[in-house]
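# Structure at a glance
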Amino acid sequence: MQLLQDRILKDGKVIGSNILKVDSFLNHQLDIALFNEIGKEFKRLFNGCEVTKILTIEASGIAIASITAQYFNNVPVIFAKKYIGINMDNENYEAEVFSFTKNKLYKIRVSKNYINSDDKVLIIDDFLANGRAILGLANAVRQAGAEVVGAGIVIEKGFQKGRGVVEKEGIRVESLAIIEKMDNGEILFKN
Ligand code: 5GP
């Protein structure tokens, strides 16, 4: 997606050798016009998949998934929770995820009330690095007996192993921008 690649080149900051900071349009300040284009592109890629729900993970996935849902007939958006609260349902699908950015293991929870065996679930996330977040979300979907129609990723770091790990689980991966290399602060896309 050219618009996204241009924006990454203009505003993305490479931190160390493998973290891309995109706080000015994706992870902190949100560019809604860009999010609409992202939503349209996910719709084009997953058109015909009869998506009934979109699943993401808090926090950054929520806005992307919500705007994307508007291009999928306003299907419900569910976000996996990382923190337990007293207001959470008691019956949850749970999965463990190793956080790439925080370097620690955490648990995600999705209420059993919101995914059932008839659902066709599109998983959306901001980044694909080693694939742990997507696998955790897919695990929750599969516990419900529902189908994962695919994973829609805004930015894939193609030099990490996420795509291989996720595809090995039989999950289709569609990324809107794939970074091949981020050496010395320079970003190179796979075309
Ligand atoms: P994975 O689970 O694929 O290893 O990592 C994906 C998750 O880690 C995403 O949900 C995203 O929040 C975070 N993440 C991984 N790499 C990056 C990165 O380079 N930049 C940012 N901003 N987040 C990242």
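Bear in mind that the values here come from a model prediction, so they are computed numbers and not experimental data.

This paragraph deals with the overall build of the protein. Of regular secondary structure, the protein possesses six helices and ten strands. For the protein, whose C-alpha radius of gyration is 16 Å, the value lies close to the compact-globule estimate of 16 Å for 191 residues. Dimensions along the principal axes, computed over C-alpha positions, put the protein at roughly 45 × 35 × 30 Å. Of all 191 residues assigned to the protein, the portion counted as buried reaches 49%. If you take every contact in the protein between residues at least 6 apart in sequence, the share linking residues at least 24 apart comes to 62%. Working note: accessible area of the protein is about 9,600 Å², and carbon and sulfur atoms make up 46% of it. Looking at charge distribution, the protein has the averaged site of its 25 positive side-chain charges lying 3 Å from that of its 24 negative ones.

With the rule as written, the count across this model stands at 16 salt bridges. Between Asp 11 and Lys 10 there is a salt bridge, with the nearest N and O atoms lying 3.5 Å from each other. Lys 10 sits in the exposed class, given a relative accessible area of 60%. The residue Lys 53 makes a salt bridge to Asp 119 at a minimum N-O spacing of 2.8 Å.

Around the ligand, a shell composed of 16 residues is seen, among which Leu 20, Asp 125, Gly 131, Ala 133 and Lys 157 lie nearest. In the model, a nitrogen atom of the ligand is placed 3.0 Å from a nitrogen or oxygen of the Asn 27 side chain. For the ligand, an oxygen atom lies 2.8 Å from a polar atom in the backbone of Asn 130. Across the complex, the protein chains shield 88% of the 500 Å² of accessible surface that the ligand would expose by itself. For the shell around the ligand, the secondary-structure elements that each account for two or more residues are β2 (19-21), β7 (120-128) and α5 (132-143).

Turning our attention to unusual backbone geometry. A cis amide bond links Glu 58 to the next residue, Ala 59, at an omega of 0 degrees. Mapped onto the elements of the fold, Ala 59 is located in the loop between β3 (53-57) and α4 (60-69). Its identity as a non-glycine residue notwithstanding, Asn 73 has a phi of 65 degrees, on the positive side. Inspection of the secondary structure puts Asn 73 in the loop between α4 and β4 (77-80). Overall, Asn 73 belongs to the exposed group, its relative accessible area being 73%.

Secondary-structure assignment places Lys 53 in strand β3. According to the relative accessible area criterion, Lys 53 is buried, its value standing at 13%. Non-local contacts of Lys 53, meaning those with residues more than four positions away in its chain, are made with Val 75, Pro 76, Ile 78, Tyr 114, Ile 115, Asn 116, Asp 119, Lys 120, Val 121 and Leu 122.

The next subject is the sheet that holds β3. Within a sheet, neighbouring strands are paired by backbone hydrogen bonds and run either parallel or antiparallel to one another. In space, the six strands of this open sheet follow the order β4-β3-β7-β8-β9-β10, with mixed pairing throughout. Among the strands making up the open sheet, the edge pair consists of β4 and β10 (186-189). Across the sheet, the mean angle separating the axes of adjacent strands is 30 degrees when strand polarity is ignored. Direction of pairing for strand β9 (residues 173-183) relative to β10: antiparallel, over a ladder of four bridges. Bridge pairing in β10 places Lys 181 opposite Leu 188. Together, β8 (147-157), β9 and β10 form the strand contacts of helix α1 (residues 2-11), whose direction differs from that of β10 by roughly 165 degrees.

So, on to the side chain of Arg 109. Position of Arg 109 among the secondary structure elements: in strand β6 (residues 104-111). A distance of 3.3 Å separates the side chain of Arg 109 from the side chain of Glu 94, its partner in a polar contact. Beyond its immediate sequence surroundings of up to four residues, Arg 109 is in contact with Ala 80, Lys 81, Lys 82, Ile 84, Met 88, Asn 92, Tyr 93 and Glu 94.

We now examine the environment of Gln 29. Tracing the backbone shows Gln 29 in the loop between α2 (23-27) and α3 (32-45). In this structure, the C-alpha to C-alpha distance between Gln 29 and Lys 10, residues 19 residues apart in sequence, is 15 Å. Setting aside residues up to four positions removed in sequence, Gln 29 forms contacts with Asp 23 and Ser 24. A polar atom in the side chain of Gln 29 sits 2.9 Å from the backbone oxygen of Ser 24.

What counts, and at which threshold
- Residues numbered from 1 in each chain as written.
- Predicted model: local features only at pLDDT ≥ 70, side-chain atom pairs only at ≥ 80, totals over all residues.
- Heavy atoms only, no water.
- Helix = DSSP H or I, 4+ residues; strand = E, 2+ residues; numbered from the N terminus.
- Rg over C-alpha atoms; globule rule 2.2 N^0.38 Å.
- Buried < 20%, exposed > 50% of the residue type's maximum accessible area, 1.4 Å probe, protein only.
- Contact = heavy atoms within 4.5 Å.
- Areas by Shrake-Rupley, 256 points an atom, 1.4 Å probe, with all protein chains shown as cover.
- Lys, Arg positive; Asp, Glu negative; His and termini not counted.
- Charge placed at Lys NZ, Arg CZ, Asp CG, Glu CD.
- Salt bridge = Lys/Arg side-chain N within 4 Å of Asp/Glu carboxyl O.
- Near = heavy atom within 4 Å.
- Polar contact = N/O pair within 3.5 Å; in protein donor to acceptor, adjacent residues only side chain to side chain.
- Pairing = 2+ DSSP bridges.
- Axes fitted to C-alpha atoms, helices over the stretch in contact; angles between N-to-C directions.

Functional significance is not addressed by these values, which are geometric in nature.
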